[in-house]
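# Fold and contact review
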Amino acid sequence: MNYQETVSYLFNAMPVFEHSGASAYKPGLQTTLALDEHFGHPNHAYKTIHIAGTNGKGSCSHSIAAILQEAGYKVGLYTSPHLVDFRERIRVNGEMITEQRVIDFIEQERDFFEPLHPSFFELTTALAFLYFKEQKVDVAVIEVGLGGRLDCTNIITPELSIITNISYDHTQFLGNTLALIAGEKAGIIKSHVPVVVGEDVPETRPVFQAKAEACQSPIVFAQDHVMVTKSHPCTSGGRDYTTSTPLVTLHCDLGGDYQEKNLNTVLTALPLLRKSFHITDNNIREGLAHVCRLTGLRGRWETIRQYPRVVCDTGHNVGGWQYLAPQIKRQPCKTLRIVFGMVNDKDINTVMELLPKDAVYYWAQPSTKRAFPCDKVAELGKIHHLKGKECGSIAQAYHQVLAEADKEDFIFVGGSSYVVADFLNMNNV
């Protein structure tokens, strides 16, 4: 098989949550442990950092990886989902795993793993852990796929665990209260391993405290340590921050309002990281200023073009849109235009309540089986008194918005990672 055939095999032969949702979700670690045994426990060959949370775990993972790269470490980074190329999920110092290594892994190992019937994510995690060992990384930053306790990344014993925040998402798997969801996320806390919790509420803090106490793990709540005192977006992109740390001021090339919370979490984690890694203040400055270049991160309040200005963002649930909606509303423009679609396991009604009322909407459907049908999104838009038109695919919606937009308009593309993935896949914008 060539690379495209190999990726098609992965997506079609394995249950893929991103495509199919609940039918592809496999709780439990039995298959993961069998794969780990077969490959000789590769994650024991390097240090790890484990990051869970409802929102922000991708930005925090990439930010920490960038800082560690600037500090001179060889850094593995495992994240999901990808936007353009499957290989985005597995990187070493920002470089994607090679196409040939993906091909070889499937061809050489399928006789072993096919009888196990692993999920797509279980097999991809095994490949990532093995590849990081082969590449002799010093440390790997590992983002949880879904939840924590039963996530297949949860076989590692990291130097540090980070839980960014908790909000209602994937409730059919993780529970329908914040306390239950927190219990699943807290499952990544390991014995005597320090943990940083980025954001908490009265319902979740006792859950984290109890788990940390049972594991004898030092726990730090970032909300108790206000590292970021204020920030503002830069016209050239990214944000400038004022902090209460000795660094005082910082620039980060991630521009969303929500990055304030993420950076506060990262800065709170750094004193703990410095117990395991040599990180200078300049490493922090340079790493944060160049996260996207160093790690390949895309789709976080990313400006695609000017005149009209086009921004995309992967925010996909209520927790994300609580930050995105006000930021979109603040953008100076003649007309605000939004290409919008979502997947069917998200709370679309609550998100629509947050959307700007004075925008022109281009309702669209991302290319995943989990997508809300375009006509359904348009129908809900009318119920929420949002003015828009049904456009079909993301590509059709974007072509239509560009055809109608004035150069002084602001165009936002989002609602789901899969909306942004389709958008970026259009001639790889």
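Note that the structure is a prediction, hence the values are computed from the model and not measured. (Residues numbered from 1 in each chain as written. Predicted model: local features only at pLDDT ≥ 70, side-chain atom pairs only at ≥ 80, totals over all residues. Heavy atoms only, no water.)

## Concerning the domain arrangement of the protein
By the assigned domains, the protein splits into domain 1 (3-295) and domain 2 (302-425). Here the C-alpha centroids of domain 1 and domain 2 sit 27 Å apart. If you look at the interface, domain 1 gives 21 residues, while domain 2 gives 21 residues. Taken over both partners, the interface formed by domain 1 and domain 2 buries close to 1700 Å², and the fraction arising from carbon and sulfur atoms is 46%. Taken together, the links from domain 1 to domain 2 amount to one salt bridge. With a closest N to O distance of 2.9 Å, R330 and D257 form a salt bridge. Between domain 1 and domain 2 we count six residue pairs in polar contact (both at pLDDT 80 or more) in total. Residue contributions to the side of domain 1 that touches domain 2 peak at four residues, all from helix α2 (residues 17-20). By residue class, the composition of the side of domain 1 that touches domain 2 is five nonpolar, 10 polar and six charged. (Domains from an automatic or database assignment. Contact = heavy atoms within 4.5 Å. Buried area = accessible area lost by both parts, 1.4 Å probe. Salt bridge = Lys/Arg side-chain N within 4 Å of Asp/Glu carboxyl O. Polar contact = N/O pair within 3.5 Å; in protein donor to acceptor, adjacent residues only side chain to side chain. Helix = DSSP H or I, 4+ residues; strand = E, 2+ residues; numbered from the N terminus. Nonpolar A, V, L, I, M, F, W, Y, C, P; charged D, E, K, R; others polar.)

## Topic: empty space enclosed by the protein
Over the atoms rolls a probe the size of a water molecule, and its path tells where empty space is left. Here the structure, examined in full by the defined rule, presents one cavity of 30 Å³ or more. Each pocket or cavity is described by its volume, and for the largest cavity that value is around 70 Å³. Surrounding the largest cavity, T32, L35, D36, F39, P42, E122, T125, A126, F129 and I155 form its lining. Looking at the lining of the largest cavity, the elements with two or more residues in it are α3 (30-38) and α6 (120-134). Counting residues per element, the lining of the largest cavity draws most heavily on α6, which supplies four residues. Class assignment of the residues belonging to the lining of the largest cavity gives a composition of six nonpolar, two polar and two charged. (1 Å grid on protein atoms, 1.4 Å probe; cavity = no way out; pocket = protein on both sides within 12 Å on 5 of 7 lines; lining within 4 Å. Points joined across faces, edges and corners; volume = space filled by probe spheres on them.)

## With respect to the side chain of N264
Here N264 is to be found in helix α10 (residues 259-273). The contact partners of N264, leaving out residues within four places of it in the chain, are A222, H225, V226, M227 and V228.

## Describing the layout of surface pockets
Here the second largest pocket defines a volume of roughly 600 Å³. Taken together, 29 residues make up the lining of the second largest pocket; nearest its centre are C234, T235, W301, T303 and R309. Classifying every residue of the lining of the second largest pocket gives 10 nonpolar, 10 polar and nine charged. Two domains each donate at least three residues to the lining of the second largest pocket, and these are domain 1 (3-295) and domain 2 (302-425).

## Structural notes on unusual backbone geometry
Between S80 and P81 the backbone carries a cis peptide bond, its omega angle lying at -5°. Relative to the helices and strands, P81 is located in the loop between β2 (75-78) and β3 (90-92). Cis geometry marks the peptide bond from Y307 to P308, where omega comes out at -5°. One can find P308 in the loop between β12 (302-305) and β13 (309-313). A positive phi angle, close to 55°, is found at K136, a residue other than glycine. Tracing the backbone through its elements, the reader meets K136 in the loop between α6 and β5 (139-143). The phi torsion at Y307 lies on the positive side, around 55°, for a residue other than glycine. Turning to its location among the elements, Y307 is positioned in the loop between β12 and β13.

## Focus: the packing of aromatic side chains
Counting across every chain of the model gives 15 aromatic pairs. Arranged with centres 4.8 Å apart and planes meeting at 5°, the rings of Y361 and W363 form a pair that is stacked. Comparing Y361 with W363, the two get one shared label, buried. Considering the side-chain rings of Y398 and F423, the 4.7 Å spacing of their centres and the 75° angle between planes classify their relative orientation as edge-to-face. On the criterion of sequence distance, the pair formed by Y398 in helix α16 (residues 394-404) and F423 in helix α17 (residues 417-425) is long-range, its members being 25 residues apart. (Phe/Tyr/Trp six-rings, centres within 6.5 Å; stacked < 30°, edge-to-face > 60°. Buried < 20%, exposed > 50% of the residue type's maximum accessible area, 1.4 Å probe, protein only.)

## Thoughts on the side chain of T243
Its location among the elements puts T243 in strand β10 (residues 239-243). Since its relative accessible area comes to 7%, T243 is described here as buried. Of the polar contacts made by the side chain of T243, one reaches the side chain of T245; its length is 2.7 Å. Look past the residues within four positions of T243 in its chain and what remains in contact with it is M227, V228, T229, V248, L250 and L267.

## Re the confidence of the model for the protein
When pLDDT is averaged across the protein, the result is 92; 94% of the residues are at 70 or more. Low pLDDT, under 50, characterises residues 17-25; the predicted model gives this stretch 29 contacts beyond four residues in sequence or across chains. (pLDDT = per-residue confidence, 0-100.)

## Some remarks on the sheet that holds β12
Strand order in the open sheet formed by six strands is β12-β13-β17-β14-β15-β16, with mixed pairing between adjacent strands. Two strands bound the open sheet, and with one partner strand each, they are β12 and β16 (387-393). This sheet shows a mean twist of 25° between the axes of neighbouring strands, independent of strand direction. Sheet analysis places β13 next to strand β17 (residues 410-414), joined by five bridges and oriented parallel. Its bridge partner being in β17, R309 is matched across the sheet by F410. (Pairing = 2+ DSSP bridges. Axes fitted to C-alpha atoms, helices over the stretch in contact; angles between N-to-C directions.)

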